[in-house]
Amino acid sequence: MSQASVGFHCPECARSGSQRVVRARDIRTSNQVPITVGLIVVNVIAYLFQGSNLVFGDPARTVTGWGRLFGPDVADGEVWRIVTAAFLHGSLIHIGFNMYLLWALGQHLERGLGTARYLLVYAAGLLGGSLAVLAFNFNAPTLGASGAVLGLAGAMAAVLWARGVPLNQSPVFGLVILNLALPLLIPGISFWGHLGGIVGGFVAGWLLTWLPERFGRPMNVAVGATAGWCAVLAALALAAPGFVSG
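Worth saying up front: this structure is predicted, and the values here are computed from it rather than measured.

*Asks:* Before we go on, may I ask you to explain the overall build of the chain in this structure?
*Replies:* Of regular secondary structure, the chain possesses 12 helices and 4 strands. The burial tally for the chain puts 40% of its 246 residues in the buried class. A separation of at least 24 residues holds for 69% of the contacts in the chain among residues at least 6 apart in sequence.

Structure (structure tokens):
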């Protein structure tokens, strides 16, 4: 054993290198969550535009009417709604609750997964929510970031499960159950959007953690598989209106 400033080090530890000095700017950088902050900013800006008089061609077509998810409009070729609906909200309470959850969940996942993998998880939740609405609630106008945000909750549950935490003991388990129950208790909340987002995010989180940690696959394989999952969700969401309306 080698004497150190505090206690003793084993020879292997001593040979592994000197202690790392953590500087204040390193701590600040490691705590940054630019994607989470950026998503919140985009949602807030979109909500402000919703309250403006901005229209798209037709005076009756406001920002909300142009961007919300509505199956018949997607079937007519307005495919951007699959994404834009996730950045629009119906009220101040609606956006406030979603942005609170986005911050509470997103900051931890972004730090843990990194920006690229975190974006894939968010995209999986968003696309999963849109796909479920188009497949099972085709004629209901829908908007809100709930699907994408609950995708983060689903991914966090998958990550914790991979680390040995049972799903019913996960801190997000109650949140998931609550958000699945709310549409059954309160009219106007999309059950399918919530469920689709949770499933989409859970699978993304499972791929990003179980493949490298449980099956020993390289991380680039896990990232590629997750990107493929997002592509499948996008393709199914684009195809769903043709099957449902046909």
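*Asks:* Which parts of the structure should I look at to understand the layout of surface pockets?
*Replies:* One way to see where empty space is left: roll a probe the size of a water molecule over the atoms. Here the largest pocket is characterised by a volume of approximately 530 Å³. Mapped by element, the contributors of at least two residues to the lining of the largest pocket are α7 (92-113), α8 (115-136), α9 (146-162), α10 (173-185) and α11 (191-213). Of the residues in the lining of the largest pocket, the class split is 14 nonpolar, 15 polar and no charged. Of the pockets and cavities examined, the second largest pocket occupies roughly 160 Å³. Lining the second largest pocket are 13 residues, and of these G112, L113, V159, R163 and T209 sit closest to its centre. Elements represented by at least two residues in the lining of the second largest pocket include exactly α7, α9 and α11. Tallying contributions element by element places α7 first for the lining of the second largest pocket, with 4 residues.

*Asks:* Sorry if this is basic, but what is going on with the nonpolar core here?
*Replies:* The nonpolar side chains of a soluble globular protein tend to be buried with one another. Of all hydrophobic cores here, the largest spans 48 residues; its most connected members are L102, L105, Y122 and L152. Secondary-structure elements contributing two or more residues to this core are α3 (34-50), α7, α8, α9, α10, α11 and α12 (219-245). Among the elements that line this core, the one with the most residues is α8, at 10 residues. Setting aside its immediate chain neighbours within four residues, L105 contacts V149, L152, A153, M156, V172 and L175.

*Asks:* Could you clarify how one ought to interpret the pattern of salt bridges in this entry?
*Replies:* In this structure the tally under the stated criterion is 3 salt bridges. The shortest N-O distance in the salt bridge between R81 and E78 comes to 2.7 Å. A single burial state applies to R81 and to E78, both of which are buried. Counted as one network, the salt bridges with shared partners bring together D73, E78 and R81.

*Asks:* Looking at this structure, how should I read the packing of α8 against α11?
*Replies:* A pair of packed helices is characterised by two quantities: the angle between their axes and the separation of those axes. For the pair α8 and α11, the least separation of the axes is 6 Å and the interaxial angle reads 145 degrees. The way α8 lies across α11 gives a crossing that is right-handed. Each of R117, V121, A124, G125, G128, G129, A132, V133 and F136 in α8 lies in contact with α11, whose residues at this interface are W192, G193, G196, G197, G200, G201, A204 and L208. Grouping the constituent residues of the contact of α8 with α11 by class yields 8 nonpolar, 8 polar and 1 charged.

*Asks:* Teacher, can you tell me more about the side chain of E78 here?
*Replies:* Along the chain, E78 turns up in the loop between α5 (71-75) and α6 (81-84). For E78, a relative accessible area of 15% gives the class buried.

*Asks:* Hey, could you run me through the packing of aromatic side chains in this one?
*Replies:* By convention here, two paired aromatic rings are described through the distance between centres and the angle between planes. Per the counting criterion, the structure on display carries 7 aromatic pairs. Taking the centre distance of 4.4 Å and the plane angle of 20 degrees together, the rings of F136 and W192 count as stacked. With F136 in helix α8 and W192 in helix α11, the pair connects residues that are 56 residues apart, well separated along the chain. The exposed category is assigned to F136, whose relative accessible area is 53%. Through a chain of ring-to-ring contacts, the aromatic side chains of W161, F202, W206, W210 and F215 assemble into a single cluster.

*Asks:* Can you walk me through the packing of α9 against α11 in this structure?
*Replies:* Closest axis-to-axis distance for the α9/α11 pair is 6 Å, and the angle between their directions is 35 degrees. Two packed elements cross with a definite hand, and for α9 against α11 that hand is right-handed. Every residue of α11 that contacts α9 at S146, G147, L150, G151, G154, A155, A157, A158, V159, W161 and A162 is listed here: G193, H194, G197, I198, G201, F202, G205, W206, T209 and W210. For the contact of α9 with α11, the class distribution of residues is 11 nonpolar, 10 polar and no charged.

*Asks:* Help me out: how do you make sense of the environment of V172 in this one?
*Replies:* Following the sequence through the fold, V172 ends up in the loop between α9 and α10. V172 gets classed as buried once you look at its relative accessible area, which sits at 4%. As for V172 and L150, which are separated by 22 residues in sequence, their C-alpha atoms are 9.6 Å apart.

What counts and what doesn't
- Residues numbered from 1 in each chain as written.
- Predicted model: local features only at pLDDT ≥ 70, side-chain atom pairs only at ≥ 80, totals over all residues.
- Heavy atoms only, no water.
- Helix = DSSP H or I, 4+ residues; strand = E, 2+ residues; numbered from the N terminus.
- Buried < 20%, exposed > 50% of the residue type's maximum accessible area, 1.4 Å probe, protein only.
- Contact = heavy atoms within 4.5 Å.
- 1 Å grid on protein atoms, 1.4 Å probe; cavity = no way out; pocket = protein on both sides within 12 Å on 5 of 7 lines; lining within 4 Å.
- Points joined across faces, edges and corners; volume = space filled by probe spheres on them.
- Nonpolar A, V, L, I, M, F, W, Y, C, P; charged D, E, K, R; others polar.
- Core = buried A, V, L, I, M, F, W, Y, C linked by side-chain atoms within 4.5 Å.
- Salt bridge = Lys/Arg side-chain N within 4 Å of Asp/Glu carboxyl O.
- Axes fitted to C-alpha atoms, helices over the stretch in contact; angles between N-to-C directions.
- Left-handed = near helix turned anticlockwise from the far one by under 90°.
- Phe/Tyr/Trp six-rings, centres within 6.5 Å; stacked < 30°, edge-to-face > 60°.

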